[in-house]
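One-letter residues, chain by chain:
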Amino acid sequence: MEIVPNEYDTGKYIITKVMDRRNSIPRPPLANIDKLLILVAPRPEPDLLLVDKLVIYAMINQIEPIIVINKCDIADKDFVNNISSQYYFLKTCVVSATSNKGVAQLKDYISGSLSAVCGQSAVGKSSLLNSIIPGVNLETQGLSRKTDRGKHTTRVNELYISGDIMLADTPGFSSLELNIEHEELASFYPEFEGLEDKCTYLDCAHVKEGKDCAIIRAVNAGGINKNRYERYCEMYTKLKQLWEKKYD
């Protein structure tokens, strides 16, 4: 949509034109998103299976996924390198919402686009939004001392605008289900490209085929990240079980 400032009410905007919808996602309910900022941090411990799903979710909806490593002030090099290497095929930004390190570069990258911030609770979504959008002072909370997990502070979706930056804050994700068939999953893994044709079987699932699978050979040789591959297998198995249940 196109909006203009309301000259009679400071801080408010008027919708002047509704644009065609090129993409939409049901959770959070947003449309015409350009970039999805997927936040991870040293604490809480990253749920990388959720990150994998969010990356695929963005790809399905023709949204650019961006990995944002937050809290770099408490993250060691091994943590940053581990995340960056697993998602080498994506734009990765390393920031600290509290010290503003890396925030200017991130702002430059998302300028002129509609972006949404997502990730686990307490990963720093509200803090990052506070550092990007002047005048915003969203409530932030740390980790629960009892569970070492995040406490929800964002309860609704809200769009914030600063210059040519439009940023949507979203509630934390605790789970996400992908609406794809198990046979489609491999197509969302760029690290598999160029290897699938080298599998012995044309219908190779890249899960239990052993030496007959070029993907598994690449994992054993260190060419594909083992942890990310194991999460692929976990997702594939779950999607296949859902498919079998549907047609049982």
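Further up the page is the structure itself.
Note that the structure is predicted; figures quoted are calculated from it, not measured.

Undergrad: Lay out the overall build of the protein chain with the relevant residues and their values.
TA: Counting its regular elements, the protein chain contains six helices and ten strands. When each of the 248 residues of the protein chain is scored for burial, the buried share is 45%.

Undergrad: Give a detailed account of the packing of aromatic side chains, specifying residues and quantitative values.
TA: Inspection of the entire model under this criterion finds seven aromatic pairs. Ring geometry for Y88 against F89: centres 5.4 Å apart, planes inclined by 90 degrees, an arrangement best described as edge-to-face. With relative accessibility at 52%, the residue Y88 sits in the exposed group. Relative to F192, the ring of Y189 lies with its centre 5.2 Å away and its plane at 20 degrees, an arrangement referred to as stacked. Of the two residues examined, Y189 and F192, each falls in the buried class. Grouped by ring-pair contacts, the aromatic residues Y189, F192, Y229, Y232 and Y236 constitute a single cluster. A cation sits over an aromatic face here: K35 above Y109, 4.0 Å from the ring centre.

Undergrad: Break down the environment of K211 for me, with residues and values.
TA: Within the element layout of this structure, K211 appears in the loop between strand 10 (165-169) and helix 5 (214-220). The exposure class of K211 is exposed, given its relative accessible area of 71%. As for K211 and C199, which are separated by twelve residues in sequence, their C-alpha atoms are 8.9 Å apart.

Undergrad: Can you explain the pattern of salt bridges? Please cite residues and give values.
TA: Using the criterion set out here, one finds six salt bridges in the structure. Note that D52 is salt-bridged to R231, the shortest N-O span being 2.5 Å. Placement of the pair is D52 in helix 1 (residues 48-60) and R231 in helix 6 (residues 226-246), with a sequence separation of 179 residues. Exposure class is identical for D52 and R231. Each is buried. R228 is the partner of E191 in a salt bridge, and the nearest nitrogen-oxygen pair spans 2.5 Å. You can see E191 sitting in the loop between strand 10 and helix 5 and its partner R228 sitting in helix 6, a full 37 residues away along the chain. Of the two residues, E191 and R228, both sit in the buried class. The structure contains a network of salt bridges with shared partners spanning D52, E191, R228 and R231.

Undergrad: Break down empty space enclosed by the protein for me, citing the residues and quoting the values.
TA: For the coordinates displayed, the defined rule picks out one cavity of 30 Å³ or more. Roughly 30 Å³ of volume is contained in the largest cavity. Elements supplying a minimum of two residues to the lining of the largest cavity: strand 5 (35-40) and helix 1. Grouping the amino acids of the lining of the largest cavity by side-chain chemistry returns five nonpolar, two polar and one charged.

Undergrad: Break down the nonpolar core for me, with residues and values.
TA: General note: in soluble globular proteins, nonpolar side chains tend to be found buried as a group. In this structure, I67, L185, Y229 and Y232 are the most contacted members of the largest nonpolar core, which totals 51 residues. Sorting the residues of this core by element identifies strand 5, helix 1, strand 6 (64-69), helix 2 (77-86), strand 8 (113-119), helix 5 and helix 6 as the ones contributing at least two each. With nine residues, the top contributor of residues to this core is helix 1. Discounting chain neighbours no more than four positions away, the residues touching I67 are I38, V40, V51, V55, I83, Y87, L90, K91, T92 and C93.

Undergrad: Provide a residue-level description of the side chain of S115, including the pertinent values.
TA: Turning to its location among the elements, S115 is positioned in strand 8. According to the relative accessible area criterion, S115 is buried, its value standing at 1%. For S115, the side chain forms a polar contact with the side chain of S113, separated by 3.4 Å. Beyond its immediate stretch of four places on either side in the chain, S115 contacts K35, L37, I110, M166, L167 and A168.

Undergrad: Describe unusual backbone geometry, listing the residues and the values that go with them.
TA: Of the consecutive residues R43 and P44, the connecting peptide bond is found in the cis state with omega at 0 degrees. Of note, P44 is situated in the loop between strand 5 and helix 1. Positioned with a positive phi, H206 is a non-glycine residue whose angle comes to about 65 degrees. The residue H206 is located in the loop between strand 10 and helix 5 in this model. What makes H206 buried here is its relative accessible area of 3%.

About the cut-offs
- Residues numbered from 1 in each chain as written.
- Predicted model: local features only at pLDDT ≥ 70, side-chain atom pairs only at ≥ 80, totals over all residues.
- Heavy atoms only, no water.
- Helix = DSSP H or I, 4+ residues; strand = E, 2+ residues; numbered from the N terminus.
- Buried < 20%, exposed > 50% of the residue type's maximum accessible area, 1.4 Å probe, protein only.
- Phe/Tyr/Trp six-rings, centres within 6.5 Å; stacked < 30°, edge-to-face > 60°.
- Lys NZ or Arg CZ within 6 Å of the ring centre and 35° of its normal.
- Salt bridge = Lys/Arg side-chain N within 4 Å of Asp/Glu carboxyl O.
- 1 Å grid on protein atoms, 1.4 Å probe; cavity = no way out; pocket = protein on both sides within 12 Å on 5 of 7 lines; lining within 4 Å.
- Points joined across faces, edges and corners; volume = space filled by probe spheres on them.
- Nonpolar A, V, L, I, M, F, W, Y, C, P; charged D, E, K, R; others polar.
- Core = buried A, V, L, I, M, F, W, Y, C linked by side-chain atoms within 4.5 Å.
- Contact = heavy atoms within 4.5 Å.
- Polar contact = N/O pair within 3.5 Å; in protein donor to acceptor, adjacent residues only side chain to side chain.

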